[in-house]
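Residues per chain, in single letters:
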Amino acid sequence: PAIRLRHAVVRAVARPTPRVIRVSLAGPDLADLPTAAPDAYLKVFLPRAGQARPVLPTLPDGAGEGEVSTWFRAYLDMPDTLRPPMRTYTLRRRREDPVEIDVDVVIHERGPGRDWALGAGPGDHVAFTGPYGLYTPSADHDWVLLAGDETAVPAIGAIVESLPAATRAVVLAAVRDEAEQLTWETTADVGAHWVRPA
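Fair warning: this is a prediction, and the values are worked out from it, not measured in the lab.

(A) Up close: the environment of alanine 139. Checked against the element boundaries, alanine 139 lands in the loop between strand 6 (125-132) and strand 7 (143-148). A relative accessible area of 80% means that alanine 139 is categorised as exposed.

Structural data, given as structure tokens:
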């Protein structure tokens, strides 16, 4: 399939933990958004300072989803003064009728993603391409091990909530403190072990 740059509008902003901002996105461009692997992620284009919406690259005709280098080259060819910051975020949750999606932004010390998320509010515009995904669980295994730092927790949560009932899973997640620990809506048998990063 051809690459598609989709526009989205912020519907709501929430704070599931002190260091995570959950941004809910909606809009007509999401109506036919394909489903993807449990660890689905988006390439999100953010508006630059002073812009109401990001200026997007012009993609070559026929650029396919697998031709990442083609659309990424078009993005890099944009003038520095117009090129929108681009960040990768997990598609944390999806709702239907109409389609809405959540992305969780982990707040770091600095960066355009942090600045955008801290200032995001209903009606703000972004754009994205995707979703993409890599994780394919296998029914041949007795249990699942998921491990990562705080930036992996949104994907871990999405995977855990997609597991079939009674599937055994062990989670090892490194987060800054107890306030960053989450619970997940799942029927799987999940043991979560939260650790402090070294």
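(B) Focus on the packing of aromatic side chains. Tallied over the entire structure, the rule returns five aromatic pairs. Centre to centre, the rings of tyrosine 41 and tyrosine 132 are 5.5 Å apart; their planes meet at 40°, and the pair counts as tilted. Taken together, the residues tyrosine 41 in strand 3 (residues 41-45) and tyrosine 132 in strand 6 connect sequence positions 91 residues apart. Classification of tyrosine 132 as buried rests on a relative accessible area of 14%. For the ring pair phenylalanine 72 and tyrosine 75, a centre distance of 5.8 Å and an interplane angle of 25° mean the geometry is stacked. Taken together, the residues phenylalanine 72 and tyrosine 75, both in helix 1 (residues 68-76) and three residues apart, mark about one turn of the helix. The exposure class assigned to phenylalanine 72 is partly exposed, which follows from its relative accessible area of 32%. Assessed through its relative accessible area of 7%, tyrosine 75 is described here as buried. Taken together through their ring pairs, the aromatic side chains of Phe45, Phe72 and Tyr75 make up a single cluster. When the ring centre of tryptophan 143 is taken as reference, the NZ or CZ atom of arginine 168 above it lies at 5.4 Å.

(C) Just the nonpolar core, in detail. Grouped together as the largest cluster of nonpolar side chains are 23 residues, with contacts concentrated most on Ile101, Trp116 and Phe128. For this core, the elements supplying multiple residues, two or more each, are strand 1 (6-17), strand 2 (20-26), strand 3, strand 4 (86-95), strand 5 (100-106), helix 2 (112-119) and strand 6. Apart from residues lying up to four places away in sequence, tryptophan 116 is in contact with Val10, Val23, Leu46, Pro47, Tyr89, Val105 and Val126. Judged by nonpolar contacts, the second largest core, of 14 residues, contains Val160, Ala169, Val171 and Ala188.

Here is what the cut-offs are and how they apply
- Residues numbered from 1 in each chain as written.
- Predicted model: local features only at pLDDT ≥ 70, side-chain atom pairs only at ≥ 80, totals over all residues.
- Heavy atoms only, no water.
- Helix = DSSP H or I, 4+ residues; strand = E, 2+ residues; numbered from the N terminus.
- Buried < 20%, exposed > 50% of the residue type's maximum accessible area, 1.4 Å probe, protein only.
- Phe/Tyr/Trp six-rings, centres within 6.5 Å; stacked < 30°, edge-to-face > 60°.
- Lys NZ or Arg CZ within 6 Å of the ring centre and 35° of its normal.
- Core = buried A, V, L, I, M, F, W, Y, C linked by side-chain atoms within 4.5 Å.
- Contact = heavy atoms within 4.5 Å.

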